[in-house]
Amino acid sequence: MPFLPYYDHIDPGQGGSSMVIPELPRPVLNRQHVFTCPVCHQSFASYEDRFQHRFEAHPYQRPLLVLGAHEVTTPRFVVTTALSPEQIKAVNAETCRLDGKTITAKTLARRLAEAKSGFFKVELAGTQGKITVSYEISIEVASDAHAFLVEQEFARLYSPGVVSVASVSAFIRAASEARTARRYVDGLAAYLYGILAKDQRGDTTLSQEQGRARLNEAGQTLSEIGRPLAAAVAGIVSFQSNAFSRNERLAAVPRLQSAMSWFESVRTSGQQLIVGREDGPITPNACVPLDSATDEILAWMEMPHDRLRGHTKQIAKRGQQDDWLPEDRIKAKVLLAAIHETEGDAGQAGKVARDFRHDPVFSRLAERLISSEKESSA
Ligand SMILES: [Zn+2]
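Counting restarts for each chain: residues are numbered from 1 in the order of the written sequence. This being a predicted model, a pLDDT of at least 70 is required before a residue's local features are given, and a value of 80 or more before pairs of side-chain atoms are given or counted; all residues contribute to the totals for chains, interfaces and linings. The basis for every side-chain value is the complete set of heavy atoms in the structure, and neither hydrogens nor water enter the calculation.

Chemist: Mind showing me how you'd approach the pattern of salt bridges here?
Modeler: Here the idea is simple: oppositely charged side chains can pair when their charged atoms come close. Each reported salt bridge corresponds to a side-chain nitrogen of Lys or Arg within 4 Å of a carboxyl oxygen of Asp or Glu. Following the criterion strictly, the structure yields 24 salt bridges and no others. In this structure, the salt-bridge partner of Glu209 is Arg212, at a minimum N-O distance of 2.9 Å. Separated by three residues within a single helix, Glu209 and Arg212 lie in helix α6 (residues 208-222), roughly one turn from each other. On the basis of relative accessible area, Arg212 is assigned to the partly exposed category, the value being 21%. Glu302 is the salt-bridge partner of Arg255, the closest N and O atoms lying 3.4 Å from each other. Of this pair, Arg255 sits in helix α8 (residues 254-269) while Glu302 sits in helix α9 (residues 292-302), and the two are 47 residues apart along the sequence. Only DSSP runs of H or I covering at least 4 residues are called helices, and only runs of E covering at least 2 are called strands; the numbering of each starts at the N terminus. Between buried and exposed lies partly exposed: a residue is buried under 20% and exposed over 50% of the maximum accessible area for its type, with that area taken using a 1.4 Å probe on protein chains only.

Take a look at the structure:
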């Protein structure tokens, strides 16, 4: 089974910034901390700036609990990342209650930030108590020791080199001691079951579709957990589902990061540049199992153009292959169109582009390639 290397420990001072991506424009998205407005997607340098903008620029009437990056709009919510009191805000709340007791917003923030585990009932009442919003907040922040134990057990999957349903069960059993890291284990296990189903291997009994559901579940759970492994796996799931804009926490996985940045720039600008290879200054020290399609696509994306050209036929074949999921077939087609265009063959590039014209992610690129094809033949 293929594995994707990642950096287990990231120096926050240089992670990402020291990577060289020669033929790509330097992606602006690699900045370490970007705070994006959930409504208009404008970016801010600090949590406070974003928060202030969010409620000044886009008025909101009801009481609302904000936990870190989340505006909690569901009655139940699970917190898996430690938050500071400053990241916990009660918006439009005249009265705050925690487990039935009236407290100040400041105390509410402090109490929730201090708790590493537990179940809390939060009620926020608006002006004159007209609207009350109730939440059940479950706090499940993994201790470092438990998260480390999970990662050690996960790393054991790498030594036999073959992942199967049996080895995933063994991982879950071994990691069960890590009581506070239960969601971390759930997320990683869902990922592993998901890639086995995607590849239809390792004694899986799930269909590819069921596997896709597992992968989405894994991506959602792991994107909330602040560990390099969780970020790497959540990033792989975003790549699998062609959600290329979610490429902010990928300093741990430079290969994936440069591939995501390339597809993202193709998606947003409709322009394509030659695929570039990045070089990390040090060798990654850990590995995540990968599904075979993602592995093959990432391998193409690392190749210098003249080598990639030699794979044109294979890439075209993958783009039509039934046992590849639609998202992966689209990536193969986009890459194929990129090869043709780089070769100066606007006719072939346009022909390939007709195949992904209605794809919501790459329609802009398709339109441009189709119109250049028309211009070149006119
Ligand atoms: Zn905004």
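Chemist: What should I look at first to understand the coordination of the zinc ion in this one?
Modeler: The expected angle between donors at a tetrahedral four-coordinate metal is 109.5 degrees. At an octahedral six-coordinate metal it is 90 or 180 degrees. A donor here means an N, O or S atom no more than 2.8 Å from the metal, or no more than 3.2 Å when the metal is Na, K or Ca. Since water is not included, a site may seem to lack partners. Around the zinc ion, the donor atoms from the protein are Cys37 (SG), Cys40 (SG), His53 (NE2) and His58 (NE2), and they sit 2.0 to 2.3 Å away. Along the chain, the residues donating to the zinc ion are arranged with the sequence spacing C-x2-C-x12-H-x4-H. One end of the pair, Cys37, is in the loop between β2 (35-36) and β3 (43-44); the other, His58, is in the loop between α1 (47-57) and β4 (64-67), and 21 residues separate them in sequence. Judged on exposure class, the residue Cys37 and its partner His58 are both buried.

Chemist: Help me understand helix α2 (residues 105-114), please; the structure alone is not making it clear to me.
Modeler: Residues separated by three or four positions in an α-helix point in the same direction, a consequence of the helix having 3.6 residues per turn. Among all positions in α2, only Leu108, Ala109, Leu112 and Ala113 are buried. Buried residues along α2 cover an arc of 125 degrees about the axis, so they all sit on one side. Seen from the buried face of α2, the exposed residues on the opposite side, beyond 90 degrees, are Lys106 and Glu114. Along its buried surface, α2 packs onto β4, β7 (88-91), β8 (95-98), β9 (101-103), β10 (117-125) and β11 (132-140). By arc we mean the arc of the directions from the helix axis to the C-beta atoms, nothing more. In what follows, residue pairs with any heavy atoms lying within 4.5 Å of each other are defined as contacts.

Chemist: Can you walk me through the environment of Leu298 in this structure?
Modeler: With respect to the helices and strands, Leu298 occurs in helix α9. The sequence separation of Leu298 and Arg179 amounts to 119 residues, and the corresponding C-alpha distance is 35 Å. Among residues more than four places away in sequence, those in contact with Leu298 are Leu4, Phe239, Arg255, Leu256, Ala259 and Leu290.

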